[in-house]
Amino acid sequence: MKKPIFIILILVLVVAVAGSAMMYRQAKIRWSKEAFDQEYAELQAEAAKKEGMLKADALREAGLAQVSEKLKAAESAEARALTAAETFFGFLYMNTKARVAWCRERGVDIGPFARAFADYNATELKRATEVFAANGTDPESLWPMTQAGMMEVVAQDMQGVATSNNIPLEKTCAFFNEHAAEIAPRIAFPVDVKAALMEGAP
């Protein structure tokens, strides 16, 4: 069998620690859908400047650059960990919520892939959950705000998977299930973001 090629996007949920996408209440941080939508629109605009690149690739590159900048700007290990945790949940929800929903709309249950993905990233999930708990934030609160943007991105991503693996778009969901054990570790969480997330972990 030909070695699969995977094109996977990371939808960046990161917002500046002191930026407009976070609102402060009792020294804790909460998110607003309007602020997320603005951040996502700015990310798309930045991606549009990258001429000669596929939209999916440009969006991913712009997103990774945004994450890197926000990590550098963070003033403490705790702030870096929160930024990294936000990014992780975007990474997680892209694959365990948005991709699952996209396939469900097409009559395919990719629960086997979603479970394999969550299991592979269990250590990072535990740490990101701890970081959010320390901030008084429920990670599930991010999904309603980011769902529309993620569904747009996952549609692009599944088209990329179909093209790069030379399979029909309607077969991509089954493809994720069939190759779940192989795909899960290939969808790599950025090394620098993982380091920021795990910094200071017990």
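Up top you'll find the structure we're talking about.
Structure report, in brief. Remember, predicted model here, so these are calculated numbers, not experimental data.

## Focus on helix α6 (residues 142-165)
Reasoning step 1: Roughly 45° is the biggest bend found in α6, and it falls at Ala148.
Reasoning step 2: Buried residues dominate α6, accounting for 17 of its 24 residues.
Reasoning step 3: Positive phi appears at Asn166, one or two residues downstream of α6, with a value of about 55°.

## As for the nonpolar core
Reasoning step 1: Residues Phe88, Phe89, Phe113 and Leu197 are the most contacted members of the largest nonpolar core, which totals 43 residues.
Reasoning step 2: Mapped by element, the contributors of at least two residues to this core are α2 (55-73), α3 (77-104), α4 (111-120), α5 (122-134), α6, α7 (172-178), α8 (180-186) and α9 (191-198).
Reasoning step 3: A per-element tally of this core places α3 first, with 15 residues.
Reasoning step 4: Those residues in contact with Phe113 that sit more than four places away from it in its chain are Asn95, Arg99, Phe176, Asn177, Ala180, Ile183, Ala184 and Ile187.

## Quick notes on α3
Reasoning step 1: With 28 residues, α3 should reach 40 Å at 1.5 Å per residue; the first-to-last C-alpha distance of 39 Å fits that figure.
Reasoning step 2: At Tyr93, α3 is deflected by roughly 40°, the largest bend along its length.
Reasoning step 3: Within α3, 22 of the 28 residues are buried, which leaves it mostly tucked inside the rest of the structure.

## With respect to the packing of α3 against α9
Reasoning step 1: Between α3 and α9, the shortest axis-to-axis distance is 7 Å and the interhelical angle comes to 125°. One element, α3, and the other, α9, form an angle in the oblique class. Once α3 is placed against α9, the crossing between them reads as left-handed. Contacts between α3 and α9 involve Arg80, Ala81, Ala84, Ala85, Thr87 and Phe88 from the former and Val193, Ala196 and Leu197 from the latter.
Reasoning step 2: Of the residues contributing to the contact of α3 with α9, the split by class is seven nonpolar, one polar and one charged.

The rules behind each value
- Residues numbered from 1 in each chain as written.
- Predicted model: local features only at pLDDT ≥ 70, side-chain atom pairs only at ≥ 80, totals over all residues.
- Heavy atoms only, no water.
- Bend = angle between axes of the 7 residues up to and from the residue.
- Helix = DSSP H or I, 4+ residues; strand = E, 2+ residues; numbered from the N terminus.
- Buried < 20%, exposed > 50% of the residue type's maximum accessible area, 1.4 Å probe, protein only.
- Core = buried A, V, L, I, M, F, W, Y, C linked by side-chain atoms within 4.5 Å.
- Contact = heavy atoms within 4.5 Å.
- Expected span 1.5 Å × (residues − 1).
- Axes fitted to C-alpha atoms, helices over the stretch in contact; angles between N-to-C directions.
- Parallel < 35°, antiparallel > 145°, perpendicular 65-115°, else oblique.
- Left-handed = near helix turned anticlockwise from the far one by under 90°.
- Nonpolar A, V, L, I, M, F, W, Y, C, P; charged D, E, K, R; others polar.

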